[in-house]
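Structural characterization, general
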Amino acid sequence: MLKQNRNWTDNPILSVEHLTMRFGGLVAIDDLSFDVGRGDITALIGPNGAGKTTVFNCVTGFYKPTEGRIALRRDQHATDEALHELTRSGRQYSETDKGSIFLLERMTDFRITEVAGVARTFQNIRLFGGMTVLENLLVAQHNKLMRASGLTIGGLLGLPGYRRAADAAKDTAIEWLRRVDLLDRADDPAADLPYGAQRRLEIVRALCTDPVLLCLDEPAAGLNPRESTELNTLLKYIRDEHGVSVLLIEHDMGVVMEISDHIIVLDYGKKISDGTAAAVRSDPKVIAAYLGVDDEEVDDVERDLNVKTGHDATAGGSL
Amino acid sequence: MAETNFPTATAYPEGAERLSEEQREAMRGEPPFAEAPPTDSRLVRALKEAGITAGLIAVLTVFFFAFKTDIAAGGLALTADPIQWIVWIAIAFVGRFVLSYLVFANDKPTVGGWKKITAATAGWPVGKVIGAILLLVALTLPFLLSTFLPSQNRYLLDLSILILTYVMLGWGLNIVVGLAGLLDLGYVAFYAVGAYSFALLATNFDLGFWVCLPMAGLFAALWGVMLGFPVLRLRGDYLAIVTLAFGEIIRVVLLNWANFTGGPNGILGIPKPTLFGLEFNRGAGSFSDFFGIPYSPIQRFIFLYYIILALALLTNFVTMRMRKLPVGRAWEALREDEIACRSLGINTVNVKLTAFATGAMFGGFAGSFFATRQGFISPESFTFIESAIILAIVVLGGLGSQLGVVIASVVMIGGIELLRNLTGLQAIFGAGFDPTEYRMLIFGLAMVLIMVWKPRGLVSTRSPSAIYKAKKKIGADLVAQGEGH
């Protein structure tokens, strides 16, 4: 238990440090720091408006954070010294034999997916509705195929190298479709799929970009209980069989508590709790943020919280 | 799980669910409104409706048709013309009666027969069959014309060349508007760049058509990229406005940079294309001399026809090929959802620039062909109306559809010419009727009707670029239109 606990501090894939995002006078994220463990499923939870999606948009480059550092270590042996050196050098990323590190806050959105290997899905599903399910997955393999087609020239001439790559891309797509039970809908337009199937398709489309970190924004929203269970299985499969770390925002506690190795709770742009599912579930600050407290208990809880805050600060991740 | 205080997926408000279930149960089986059963027979109803329509027309047009004022000595003279009034009332009555009796109140839908046909041919690749037939006709057209219509041979061949030019321009613009979904109102700019590149290279450096053609295409592609950069961040209407302005800028520059482009006088003496050095004229070293056949001016037209046919087919081939390549798929993905594209690591800047450049390149090819065909170009040929016609061809044909562009070009360019010759209408409207005066009106009306009947163009379905098992057409309602529509 303890070993699993320390995974995100011992072997983080993503380190968010002092992240602050201001929109004019509004502070959406306030000095937020957290780590995402390699090979973990990490959940980012919190009440509505807590800033979860803003964190996602900062990590995936859709927003430029006002302050802070977001570092992605693609492989294990990237040292802190290398990270410091990279930060000071002003470059976006370094890929050496000592390990590759990417500073996501310096990169644009599509480069983050293309180079660093972070893929994402959206809260409101964004599929290519007029294209077939299969085409959606082929578009996701654009960069790989673009290189294989020799920037289109080789593809126009029909060179065998491109044909092989195209067949391989199709095979990858078909394999993923079989995995999520969508193979018989492969030739249907994506907009024709039922809601749950569109969610699954968006997840496998993100996976077709070969990511190391997959960011899912409310993947279980609008799913029925059976579909939620299927989603859990899929996410565990992605983590265990493909070694992809998962960072997800979710409101469905059935999903969160069951599959998360690590939970981070946000409220008003600040981290209020960080730990395993069991630890977060019993944290009085989390309960207070979600359910509120009675008027007569306010004093008690506040006193309790002060004690807790002090305790947290010293004890760190030992929960 | 059960001890936690978190709301869980299973904790639904059951009471509300049961209530809505009960309501649904109660509603089942009975429609909320029922129409009163008709008491009149179909004929009587149709007559009644026709009567009402005729009455309305009578009231509305009484001052327009029944009375007529003329300038006469000492003021206006009022003359009554009841015949014309009654004729119009009768037209309204008969028209409405026919519609009511045969179409609106018909038990069987009028389009039933059509539906039967489409159902019977559902399995066939109708588009492919039509495409193959059209290609066959296009390849043999000069011979068909000289065999069956020798009297109008030259006129019709010239018209075919014009139509094919617009087919090619339509296909080029289809890449930008139909596939990438970027509304471009200044496409004629690339046509102009191609034409002027060829004309200037040919007159200043004495280069031939075949050398200049790729250069003109490259120049136009370069200008496509130059247009692409400023409009990268623009969306919707703003994109359309900037492209419109770009088209006008090019034209105004050509008009005013007189010592380079010749200004409003244009450029004269642009060389004609040659077949491996053989010219199409009388005398030694010409095409007819080399092959030992008698000279005929039609030979040059046939040659031009095959050049533009080859260029158009090249455009089509490259576009169809690119649709199946990652770059083409990225164009369509860009049209569907730009943000999703970026989330998948696609550089949307490059995707947009390649779309503009490719479309512009084909526009440039078409432009240099135009220059060599005319032998003379001036900025007057590249006004906004040209962009509008090309865009209308693409929209009318169906965004992204190659076959639709062909049909729309034939209908639009051929249709305008056809209306010029409709002297038969004089029998209906009197000897003073001049069809050329009304052709734009009739034409506009036809376009409005087509857009009412087929709002997403003549061929509005999209065929997928990759297939797992079976090819299924995708309905127009699912396909996004992109920016600025």
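Counting restarts for each chain: residues are numbered from 1 in the order of the written sequence. Working convention: letters from A go to chains and numbers from 1 go to ligands, in the order in which they are written. Owing to the predicted nature of the model, reporting of local features is limited to residues with pLDDT of at least 70; listing and counting of side-chain atom pairs is limited to 80 or more, with chain, interface and lining totals taken over all residues.

A look at helix α5 (residues 126–148) of chain B
- In this text, helices come from DSSP runs of H or I with a minimum length of four residues, and strands from runs of E with a minimum of two, each type numbered from the N-terminal end. An expected span of 1.5 Å times one less than the residue number is assigned to each helix. Helix length check: α5(B), at 23 residues, gives a terminal C-alpha distance of 28 Å against a target of 33 Å (1.5 Å per residue), a shortfall beyond 12%.
- A residue's bend is the angle separating two fitted axes: one through the seven residues that end there, the other through the seven that start there. Taken as a whole, α5(B) carries its principal kink of about 65° at B:Thr140; the proline B:Pro142 stands between one and four residues after it.

Overview of the sheet that holds strand β5 (residues 93–96) of chain A
All names here are of chain A.
- Any two strands are treated as partners once DSSP identifies two or more bridges connecting them. Taken in spatial order, the five strands line up as β2-β1-β4-β6-β5 in an open sheet, and their pairing is antiparallel. Each edge of the open sheet is held by one strand with a lone partner, namely β2 (26–37) and β5. If you compare each strand with its neighbour and ignore which way they point, the axes differ by 15° on average.
- In terms of strand pairing, strand β1 (residues 12–23) meets strand β4 (residues 67–73) through five bridges, oriented antiparallel. An axis is simply a line fitted to the C-alpha atoms; with a helix, the fit covers only the stretch in contact. Between two such axes, the angle follows the N-to-C directions and lies from 0 to 180 degrees.

Quick look at the domain arrangement of chain B
- Each domain of chain B was delimited in the assignment, giving domain 1 (42–107) and domain 2 (128–420).
- Throughout the structure description, domain borders are defined by an automatic or database domain assignment. Centre-to-centre, using C-alpha coordinates, domain 1 of chain B lies 48 Å away from domain 2 of chain B.

A word on the interface of chain A and chain B
- Any residue pair is listed as a contact if its two C-beta atoms, each placed from the backbone, are within 7 Å. At the interface, 44 residues of chain A touch 41 residues of chain B.
- Among the elements of the structure, α5 (109–116), α6 (133–140), α7 (142–148), α8 (153–157), α9 (160–179), α11 (225–242), α12 (253–259) and α14 (284–291) of chain A are those that each provide at least two residues to the side of chain A that touches chain B.
- Examining the composition of the side of chain A that touches chain B, we find that five residues originate from one element, α6(A), more than from any other.
- Of the residues contributing to the side of chain A that touches chain B, the split by class is 20 nonpolar, 13 polar and 11 charged. Each residue gets one label: Ala, Val, Leu, Ile, Met, Phe, Trp, Tyr, Cys and Pro are nonpolar, Asp, Glu, Lys and Arg are charged, and the others, such as Gly, are polar.

Observations regarding the confidence of the model for chain A
- Residue-level confidence of the predictor is what pLDDT reports, using numbers from 0 through 100. Of the residues in chain A, 89% have a pLDDT of 70 or more, and the chain-wide mean is 83.
- Across residues 309–319 of chain A the pLDDT falls below 50, and counting only partners more than four positions away or on other chains, this stretch makes six contacts in the model.

A look at the sheet that holds strand β9 (residues 245–249) of chain A
Residues and elements named next belong to chain A.
- Here six strands make up an open sheet; going across it, the order is β7-β8-β9-β3-β10-β11 and the pairing mixed. The open sheet terminates on both sides in strands that have one partner only, identified here as β7 (118–120) and β11 (270–275). Sheet twist, expressed as the mean angle between neighbouring strand axes with direction ignored, is 15°.
- Bridging between β7 and strand β8 (residues 213–217) involves three bridges; their strand directions are parallel. In the strand pairing of β8, Val118 is matched with Leu213.

Some thoughts on the environment of A:Val139
- Secondary-structure assignment places A:Val139 in helix α6.
- Distance in space between the C-alpha atoms of A:Val139 and A:Ile238 is 20 Å, their sequence separation being 99 residues.

Focus: the pairing of strand β10 (residues 262–267) of chain A
All names here are of chain A.
- Burial runs high along β10: five of the six residues are buried.
- Two strands pair when backbone bridges link them, and strand β3 (residues 41–45) and β10 are joined in this way by four bridges, in the parallel orientation. The residue bridging Ile45 from the neighbouring strand is Val265, located in β10.
- In the sheet, β10 pairs with β11 via five bridges, with the strands oriented antiparallel. Residue pairing in the sheet places Ile263 in a bridge with Gly275 of β11.
- Linkage of β10 to β11, two consecutive antiparallel strands, is achieved through a turn of two residues, within which Tyr268 is found at a positive phi near 50°. Here the C-beta atoms are placed from the backbone, and a residue counts as buried if at least 20 other C-beta atoms lie within 10 Å of its own, exposed if 12 or fewer do, and partly exposed otherwise.

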